[in-house]
Amino acid sequence: MTIDEQAPAESVEQLRERIAADSLTSRRDYLRLAVTVSGGLAVGTAAVASGLFHRHGDGTAAPKLVAERLEPGQSVAFSYPGEEDRAVALRMADGTLAAYSSVCTHLACAVLWRAGRGEQGELYCPCHEGVFDPRTGQVTAGPPPRPLPRVLLEERGDGIWAVGTLRSGQERA
Ligand code: FES
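Residues numbered from 1 in each chain as written. Predicted model: local features only at pLDDT ≥ 70, side-chain atom pairs only at ≥ 80, totals over all residues.

Chemist: Is there a simple way to explain the environment of Ala 62 in this structure?
Modeler: Structurally, Ala 62 can be placed in the loop between helix 2 (9-49) and strand 1 (64-67). Measuring from C-alpha to C-alpha, the distance between Ala 62 and Tyr 80 comes to 9.4 Å, with 18 residues separating the pair along the chain. (Helix = DSSP H or I, 4+ residues; strand = E, 2+ residues; numbered from the N terminus.)

Structural data, given as structure tokens:
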């Protein structure tokens, strides 16, 4: 016995109309979702292309005061080029200043400055024992696959300023 035989003809017709209306709604909802997602992707792509978001190495960030001074062995955490871009500036025992992204290139844990390690100190990631050379950002131990991206510094009369960034492994031009 089929539905057609069981239910009155009017009910079957109403059921068919409801199913048709539901499938139309689903298609309409699907199209609306597809248009919304595509629009969001297009807006995001345009924002990235227009440089709305700064990235390490893009050289477009404005200078930012990092610290008034740093003594040998001292470090300071700051954000650069964006507020979400964690970085660390340090002064080695011989007076050399350096700064890097403090986001580990392995799995993005926070990289710390350990002044008492080695001759000049080291940049250390406690998550998996990653170690970076404070002079170059190069990996000296552990699993990180790439050097830390460098933040360019300028020491001026009024303090130490971040003035730009390089990509991981990129040397100054
Ligand atoms: S996250 Fe830094 S060594 Fe793994």
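From this point, things continue past the structure.
Chemist: Could you clarify how one ought to interpret unusual backbone geometry in this entry?
Modeler: With the exception of glycine, the majority of residues adopt a negative phi angle, and the majority of peptide bonds are in the trans configuration. Along the chain, Tyr 80 connects to Pro 81 via a cis peptide bond; the corresponding omega equals 5°. Inspection of the secondary structure assignment puts Pro 81 in the loop between strand 2 (75-79) and strand 3 (86-91). The phi dihedral of Ala 108 is positive, around 70°, even though this residue is not glycine. You can see Ala 108 is positioned in the loop between strand 4 (97-101) and strand 5 (112-114). Unlike most non-glycine residues, Glu 129 shows phi in positive territory, near 65°. Note that Glu 129 resides in the loop between strand 6 (122-125) and strand 7 (130-132). With 12 C-beta atoms counted inside 10 Å, the residue Glu 129 sits in the exposed group. (Buried ≥ 20, exposed ≤ 12 C-beta atoms within 10 Å, placed from the backbone.)

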